[in-house]
Amino acid sequence: MAKKSAAHVIIMGPQGAGKGTQAALVAPRLRLEHVSTGDLFRQVMAGDSELSTEIRGYVDRGALVPDALTIRMLMEYVDEVLGGESEMRGMLLDGFPRNQAQAEALDVALRERGDRLVSVVHVDVPRERLMERLTGRLVCSNCGATYHRRFNPPKVDGVCDVCGATLTQRSDDTPEAVERRLSIYYEQTAPVLDYYRAAGLLLDVDGDRPIAEISDGIVEALQSKFDAD
Ligand code: ADP
Ligand code: ADP
Ligand code: ZN
């Protein structure tokens, strides 16, 4: 049987803009599979292998994992998720691409698969808001759901609403590591927005609003792009 061609969406924005939060809300409504390269790396790091040691070496410093390794791991995961009987339209890519080289490698990989990019959602929040969002962030150690101590607290203190597991703080959500990651974002990742803007793919979204208002806006805008096909 010939492989179906898929339609993908990217969600971009600085650390703390709410990409993970929005992706979890909009992906099921649009029949997209949410994949975060950060979550992929954290899963590998939870194990004990040569690969986990190598990846930990980058992530713990707040540095980027090398492009070739990142792209290989991502595309293997995409093949795994969209293969077989999947009812998904495509992926919602979160945390990828992070630089121009990754954006171009993604173009090549999608062309080889016969897939297309439908839109790049750019969730933006002023830089001065990001630190308090990130230092108050809580994540589920089991399912990856994201909360905030004040802005989006779980129903029961320290416990995930979705799966009941314990919430933790990410080891790279310290003020120092956040500053380092944000610097990389503005230097290396933000310029990629111009690449997608020039391609007519960018959808600018104000991320400094209530969570549900943002997700409804994203779903509406993307739905009309899918419907236009
Ligand atoms: P990203 O994936 O872009 O780094 P997250 O989705 O993890 O961002 O969100 C960062 C933090 O900000 C989390 O603690 C989250 O609960 C909180 N947050 C997300 N969206 C909003 C919003 N619209 N208003 C206030 N806080 C938010
Ligand atoms: P954040 O966006 O808050 O920096 P993520 O959860 O997206 O966090 O990623 C955590 C870490 O995983 C990053 O600091 C980086 O080391 C690594 N990483 C994630 N995505 C990529 C990518 N596309 N390329 C290289 N490294 C990545
Ligand atoms: Zn959970």
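The present account deals with the structure reproduced in this document. Everything numeric in this text was worked out from a predicted model, so none of it was measured.

1. Notes on the overall build of the chain
For the chain, the helix and strand inventory stands at 8 helices and 8 strands. The C-alpha radius of gyration of the chain comes to 17 Å, within 12% of the 17 Å expected for a compact globule of 229 residues. If one aligns the C-alpha atoms of the chain with their principal axes, the spans along those axes are about 45 × 45 × 35 Å. Per-residue burial for the chain yields a buried fraction of 47% across its 229 residues. Put simply, 72% of the contacts in the chain that link residues at least 6 apart link residues at least 24 apart. As displayed, the chain has an accessible area near 11,600 Å², and 51% of this comes from carbon and sulfur atoms.

2. Some remarks on the site of ligand 2
Thr-37, Arg-42, Ala-63, Arg-98 and Arg-181 are the nearest of the 17 residues found near ligand 2. Side-chain polar atom of Thr-37 to a nitrogen atom of ligand 2: 2.7 Å apart, as the coordinates give it. At a separation of 3.0 Å, a nitrogen atom of ligand 2 approaches a polar backbone atom of Val-65. Contact with the protein chains removes 96% of the 540 Å² of surface that ligand 2 exposes when unbound. For the shell around ligand 2, the class distribution of residues is 6 nonpolar, 6 polar and 5 charged.

3. Looking at helix H4 (residues 67–82)
Taking 1.5 Å per residue, 16 residues should reach 22 Å; H4 reaches 22 Å between its end C-alpha atoms and fits that length. Three or more residues of H4 are buried, namely Leu-69, Thr-70, Ile-71, Met-73, Leu-74, Met-75, Val-78, Val-81 and Leu-82. Where H4 is buried, its residues touch strand S1 (7–12), strand S2 (32–36), helix H2 (37–46), helix H3 (50–59), strand S3 (90–94) and helix H5 (100–113). Immediately downstream of H4, the backbone of Gly-84 shows phi near 65°, a positive value.

4. A short note on the coordination of the zinc ion (ligand 3)
At this site the zinc ion (ligand 3) is bound by Cys-140 (SG), Cys-143 (SG), Cys-160 (SG) and Cys-163 (SG), with donor distances of 2.3 to 2.4 Å. Binding-site remark: the zinc ion (ligand 3) is held by donors from one chain whose sequence spacing is C-x2-C-x16-C-x2-C. Placement of Cys-140 in strand S5 (residues 137–140) and of Cys-160 in the loop between strand S6 (146–148) and strand S7 (167–168) is noted, with a sequence separation of 20 residues between them. Comparing Cys-140 with Cys-160 shows no difference in burial state: the two are buried.

5. Remarks on the environment of Val-59
Considering the arrangement of structural elements, one finds Val-59 in helix H3. Accessibility expressed as a relative area gives 15% for Val-59, which makes it buried. Here the alpha-carbon distance between Val-59 and Ser-171, two residues 112 residues apart in the chain, equals 9.7 Å. The contacts of Val-59, once residues within four sequence positions are left out, are Met-45, Val-65 and Asp-172.

6. Description of helix H7 (residues 175–198)
Taking 1.5 Å per residue, 24 residues should reach 34 Å; H7 reaches 34 Å between its end C-alpha atoms and fits that length. At Tyr-186, H7 shows its largest kink, close to 40°. Burial in H7 covers these residues: Ala-177, Val-178, Arg-181, Leu-182, Ile-184, Tyr-185, Thr-189, Ala-190, Val-192, Leu-193 and Tyr-196. Buried-residue contacts for H7 involve S1, H5, strand S4 (116–124), helix H6 (127–135), S5 and strand S8 (202–206). In the stretch just after H7, Gly-200 is the one whose phi turns positive, near 75°.

Reading the values: rules and limits
Residues numbered from 1 in each chain as written. Chains lettered and ligands numbered in written order. Predicted model: local features only at pLDDT ≥ 70, side-chain atom pairs only at ≥ 80, totals over all residues. Heavy atoms only, no water. Helix = DSSP H or I, 4+ residues; strand = E, 2+ residues; numbered from the N terminus. Rg over C-alpha atoms; globule rule 2.2 N^0.38 Å. Buried < 20%, exposed > 50% of the residue type's maximum accessible area, 1.4 Å probe, protein only. Contact = heavy atoms within 4.5 Å. Areas by Shrake-Rupley, 256 points an atom, 1.4 Å probe, with all protein chains shown as cover. Near = heavy atom within 4 Å. Polar contact = N/O pair within 3.5 Å; in protein donor to acceptor, adjacent residues only side chain to side chain. Nonpolar A, V, L, I, M, F, W, Y, C, P; charged D, E, K, R; others polar. Expected span 1.5 Å × (residues − 1). Donors = N, O, S within 2.8 Å, 3.2 Å for Na, K, Ca; no water. Bend = angle between axes of the 7 residues up to and from the residue.

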